[in-house]
Amino acid sequence: MTPTRQLHPSHPKHELEWVNRQKSYKCDGCKEGGFGPRYRCDRCDYDLHEACMFPKSPTTHDFFKERSFKFFDRPQGNGERYCDACGRDIEGFVYHCKEANLDFHPCCVNLTRVIKVGVTEFRICEEEAPSKCCYCEKKNLGKDTKGRSYASTCENSYYLHVACVTKMIAENSKKDYFRSGDGDNENCLVLKNRVPDRRLSLNRSSKGGKKSRFWKIAEIVLSTLTAILFGNPTPVIINVLLLALNP
Ligand SMILES: [Zn+2]
Ligand SMILES: [Zn+2]
Ligand SMILES: [Zn+2]
Ligand SMILES: [Zn+2]
């Protein structure tokens, strides 16, 4: 059991309390987004992901099993730093491997190489994605970024940058599409994104309005990734409404 309130060295004035708010927030440790339960000081509007509240140092990462990572409260090394999982900037708390010059956001440490949904697997691509990401339509995120992508192993492979999942959710939180559901749908997040890939925008199959098999899988994968990237310990129920750019 994790404690309900505790002091953290990054906020020595007051204890941080474990609160369950179904709202998005910016973590004051790693500066990344979050959603749902978190450690919080109400007086100062100070929030920490659970992963940032209780870092494990040293730790390992499923992407680089032979490496060891240490926790730091600020970016290490020279120049601008990027997360080697999601490709986004490192601006605060970080896990760093000096020998291999690798960095991870505290939440990104929990990403795994494989996400299994029934018989379908989403695997981390070792190199750049061999095909375009179905969200941003690019193979690479940018010249200097090292973000990874997941590839599905179903008939028509789909590629998705880890960073694009974060982007999809961030765009939604700006538009206030986060909503706390009612009753048993407590932990609910509605994604409404415009995607260029027509295949992805087809929420429902033509027959009988039943969700296609791919969509059932995509929802589970997005829920899993959202829960990890946004430091939400309970799986988020995602209601995915992706709209085609050119309907
Ligand atoms: Zn954080
Ligand atoms: Zn405070
Ligand atoms: Zn990251
Ligand atoms: Zn992408």
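Please read all numbers here as calculations on a predicted model, not as lab measurements.

Chemist: Tell me what's going on with the confidence of the model for the protein chain, and back it up with residues and numbers.
Modeler: Close reading of the predicted structure is inappropriate where its pLDDT is low. Of all residues in the protein chain, 71% have pLDDT values of 70 or greater, and the mean over the chain is 78. Throughout residues 180–186 the model reports pLDDT below 50, and contacts reaching past four residues in sequence, or to other chains, amount to seven contacts. Low pLDDT, under 50, characterises residues 203–210; the predicted model gives this stretch eleven contacts beyond four residues in sequence or across chains.

Chemist: Outline the sheet that holds strand β6 (residues 46–48), supporting the account with residue identities and numerical values.
Modeler: Where strands meet in a sheet, backbone hydrogen bonds hold them as pairs that are either parallel or antiparallel. Strand order in the open sheet formed by four strands is β1-β2-β5-β6, with antiparallel pairing between adjacent strands. Because the sheet does not close on itself, it has two edges, and the strands there are β1 (5–8) and β6. Each adjacent strand pair in this sheet contributes to an overall mean axis angle of 35 degrees, direction not counted. Of the pairings in the sheet, the one linking strand β5 (residues 38–41) to β6 comprises three bridges and is antiparallel in character. Within β6, the position partnered with Tyr-39 by the bridge is Leu-48.

Chemist: Lay out the coordination of the zinc ion (ligand 3) with the relevant residues and their values.
Modeler: For a metal bound by four donors in a tetrahedral arrangement, the ideal donor-metal-donor angle is 109.5 degrees, while six donors in an octahedral arrangement ideally sit at 90 or 180 degrees. In this structure, Cys-83 (SG), Cys-86 (SG), His-105 (ND1) and Cys-108 (SG) serve as the protein donors to the zinc ion (ligand 3), at separations of 2.1 to 2.4 Å. When the donor residues of the zinc ion (ligand 3) are listed from N- to C-terminus, their spacing reads C-x2-C-x18-H-x2-C. Separated by 25 residues along the polypeptide, Cys-83 in the loop between β8 (64–72) and β9 (94–97) and Cys-108 in the loop between β10 (102–104) and β11 (114–117) bring together distant segments of the chain. By relative accessible area, which is 0% here, Cys-83 ends up buried. On the basis of relative accessibility, which here comes to 3%, the residue Cys-108 falls in the buried class.

About the thresholds
Residues numbered from 1 in each chain as written. Chains lettered and ligands numbered in written order. Predicted model: local features only at pLDDT ≥ 70, side-chain atom pairs only at ≥ 80, totals over all residues. Heavy atoms only, no water. pLDDT = per-residue confidence, 0-100. Contact = heavy atoms within 4.5 Å. Pairing = 2+ DSSP bridges. Helix = DSSP H or I, 4+ residues; strand = E, 2+ residues; numbered from the N terminus. Axes fitted to C-alpha atoms, helices over the stretch in contact; angles between N-to-C directions. Donors = N, O, S within 2.8 Å, 3.2 Å for Na, K, Ca; no water. Buried < 20%, exposed > 50% of the residue type's maximum accessible area, 1.4 Å probe, protein only.

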